[in-house]
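Residue strings, one per chain:
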Amino acid sequence: MTSFGKSSPAHRSVAATLSKPAAMRRNMGIALASLLLVGTGIFLSQQAHAQNYPNRPVKIVVPFATGGPADNYARFIAQRLQESLGQSFVVDNKPGAGSVIGTDLAAKSAPDGYTLLLMSNTQTVNETLIPNKPYALMKDFVGVAPINYSDLVLVVNPTKGMNTLADVIRVAKAQPGKLNYASSGPGTPYHMAGELFKSMAKIDMVHVPYKGSSGARTDVLGGQVDMMFDAVTTMTEQVRGGKVKALATTGLKRSDVMPEVPTLTEAGVTGYEATIWLGLMAPTGTPKAVVDKLNEAVSKIASQPDVKATWTKQGAAPMVMNPTVFDKYMRDDITKWANVIKKANIKLD
């Protein structure tokens, strides 16, 4: 008979087999403890990085030309962030290709919080309008914070003989392709506002893209181009000075700074709405603690009474969201404009 004494090989084999679950639990415990230590180390490292952030100048890439709303508000936010966080925030304009050049540059930057992207709904539109970009917005970036939004206004050169929106629609229907409108480039809010107007009013106009809103604005003022949709924040003074005629604004209600100007809905294009909004993003991989710190700083700036008062006078309204809510807002905006682009069959010129 085989003996199962303490010293027998069979006993040792059975004991080893019975001890495997305990050994496995012990090893799993060690592995989990190691992961916890690693995770804790990463968290503490990020927290330390956020506490010391920023300790050198931060660059804000603006993929739009100087002089437009994006550039102006980027410089405003940069100055306020510098005052709040005690380090320089430098605006770096990289316009071109409907914001793709500058956005791609920012996407390829180190995810350390020292390169940020000033973005607008140009980028959310481009996700559908320019499918073969070298980046994917919601994959290569994380949302930091929104800044503000404003209505647009359709303005026409006063020498063109069109005094109402109805005049524009009448001429465009009588002579398809005769009228033209300027924009700051393909996919920008100015371009999309024009395409949405064409689609909803069932008219044909020629799109004249520029590398920035300043060039477009200059040629409308000079009469080289008939009209454009422009931000209320930058066109109000030109309207008041009689250099252009305001035909309609693009919000659901009248603009506080142009209450005498009807909305497009009131002027005959029912249900029309298009705005321009701005925000900050950072390359994916930027420490969450840094993103949260920047979000808190930008949100505080946008909530300050003097800032809100200044922006209101300009026709802009502050936007305050945490990174999670801002992420959803951008994804919803991508979906909204994808539907518009597909329904209207909007394509690049």
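Quick notes on the rules
Residues numbered from 1 in each chain as written. Predicted model: local features only at pLDDT ≥ 70, side-chain atom pairs only at ≥ 80, totals over all residues. Heavy atoms only, no water. Helix = DSSP H or I, 4+ residues; strand = E, 2+ residues; numbered from the N terminus. Buried < 20%, exposed > 50% of the residue type's maximum accessible area, 1.4 Å probe, protein only. Contact = heavy atoms within 4.5 Å. Areas by Shrake-Rupley, 256 points an atom, 1.4 Å probe, with all protein chains shown as cover. Salt bridge = Lys/Arg side-chain N within 4 Å of Asp/Glu carboxyl O. Pairing = 2+ DSSP bridges. Right-handed = clockwise from strand over helix to strand, strands pointing away. Expected span 1.5 Å × (residues − 1). Core = buried A, V, L, I, M, F, W, Y, C linked by side-chain atoms within 4.5 Å. Phe/Tyr/Trp six-rings, centres within 6.5 Å; stacked < 30°, edge-to-face > 60°. Lys NZ or Arg CZ within 6 Å of the ring centre and 35° of its normal.

Student: Lay out the overall build of the protein chain in plain terms, naming residues and giving numbers.
Tutor: When its secondary structure is counted, the protein chain shows twelve helices and ten strands. Relative to its full complement of 349 residues, the protein chain shows a buried share of 49%. Across the protein chain, contacts joining residues at least 24 apart in sequence account for 77% of those joining residues at least 6 apart. Accessible surface for the protein chain amounts to roughly 16,400 Å². Of this, 57% is attributable to carbon and sulfur atoms.

Student: Please provide a residue-by-residue account of the pattern of salt bridges, values included.
Tutor: Counted according to the given criterion, the structure contains 16 salt bridges. A salt bridge links aspartate 112 to arginine 56, with the shortest nitrogen-to-oxygen separation between them at 3.2 Å. Remark: arginine 56 occurs in the loop between α1 (9-52) and β1 (58-62) and aspartate 112 occurs in the loop between α3 (100-107) and β3 (115-120); sequence separation between them is 56 residues. The exposure class of aspartate 112 is partly exposed, given its relative accessible area of 22%. The salt bridge partner of lysine 328 is aspartate 332, with a shortest N-O separation of 2.7 Å. Here the residue lysine 328 and the residue aspartate 332 both occupy positions in helix α12 (residues 323-344), the gap between them amounting to four residues, near one helical turn. Classification of aspartate 332 as partly exposed rests on a relative accessible area of 39%.

Student: Describe the pairing of strand β6 (residues 206-209), and please don't skip the residues or the numbers.
Tutor: Two strands pair when backbone bridges link them, and strand β5 (residues 180-183) and β6 are joined in this way by four bridges, in the parallel orientation. Looking at β6, one finds that tyrosine 181 is bridged to histidine 207. In terms of handedness, the path from β5 via helix α7 (residues 189-201) over to β6 forms a crossover that is right-handed.

Student: Before we move on, can you summarise helix α10 (residues 288-303) with the specific residues and values?
Tutor: Along its 16 residues, α10 runs 22 Å from first to last C-alpha, staying within 8% of the 22 Å computed at 1.5 Å per residue. Listed in full, the buried residues belonging to α10 are Ala289, Val290, Val291, Leu294, Asn295, Ala297, Val298, Ser299, Ile301 and Ala302.

Student: Report on the nonpolar core, specifying residues and quantitative values.
Tutor: Membership of the largest hydrophobic core comes to 53 residues, with the highest contact counts inside it found for Phe197, Met205, Met227 and Tyr272. Among all residues touching methionine 205, those that are not within four sequence positions of it are Val168, Ala172, Leu179, Tyr181, Phe197, Lys198 and Met227.

Student: Explain the packing of aromatic side chains to me, and be specific about the residues and the numbers.
Tutor: Counting across every chain of the model gives eight aromatic pairs. Each ring, one from tyrosine 73 and one from tryptophan 311, has its centre 5.6 Å from the other, and the planes form 85 degrees; the classification is edge-to-face. Of this pair, tyrosine 73 sits in helix α2 (residues 69-85) while tryptophan 311 sits in helix α11 (residues 305-314), placing them 238 residues apart in sequence. Tryptophan 311 sits in the buried class, given a relative accessible area of 1%. For the ring pair tryptophan 277 and phenylalanine 326, a centre distance of 6.2 Å and an interplane angle of 80 degrees mean the geometry is edge-to-face. In this pair, tryptophan 277 is assigned in strand β9 (residues 275-283) and phenylalanine 326 in helix α12, connecting sequence segments 49 residues apart. Residue phenylalanine 326 is classed as buried on the basis of its relative accessible area, which comes to 0%. Through a chain of ring-to-ring contacts, the aromatic side chains of Tyr73, Phe76 and Trp311 assemble into a single cluster. Here the basic side chain of arginine 56 rests over the ring of tyrosine 114, its NZ or CZ set 3.8 Å away from the ring centre. Positioned over the ring face of tyrosine 135 is lysine 133, at 5.4 Å from the centre of the ring.

Student: Tell me about unusual backbone geometry, and name the residues and values.
Tutor: A cis amide bond links tyrosine 53 to the next residue, proline 54, at an omega of -5 degrees. For proline 54, the location among the structural elements is in the loop between α1 and β1. At serine 99, a residue that is not glycine, the phi angle is positive and equals roughly 90 degrees. Along the polypeptide, serine 99 turns up in the loop between β2 (89-93) and α3. Not every positive phi belongs to a glycine, and lysine 202 is a case in point at roughly 60 degrees. Along the polypeptide, lysine 202 turns up in the loop between α7 and β6.

Student: Could you give me a rundown of the environment of methionine 319, with the residues and numbers involved?
Tutor: Relative to the helices and strands, methionine 319 resides in the loop between β10 (316-318) and α12. Distance from methionine 319 to isoleucine 147, taken between C-alpha atoms, is 5.4 Å for residues 172 residues apart in sequence. Those residues in contact with methionine 319 that lie beyond four places of it in its chain are Pro146, Ile147, Asn148, Tyr149, Trp277, Ala302 and Tyr329.

Keep in mind these values describe shape, not function.
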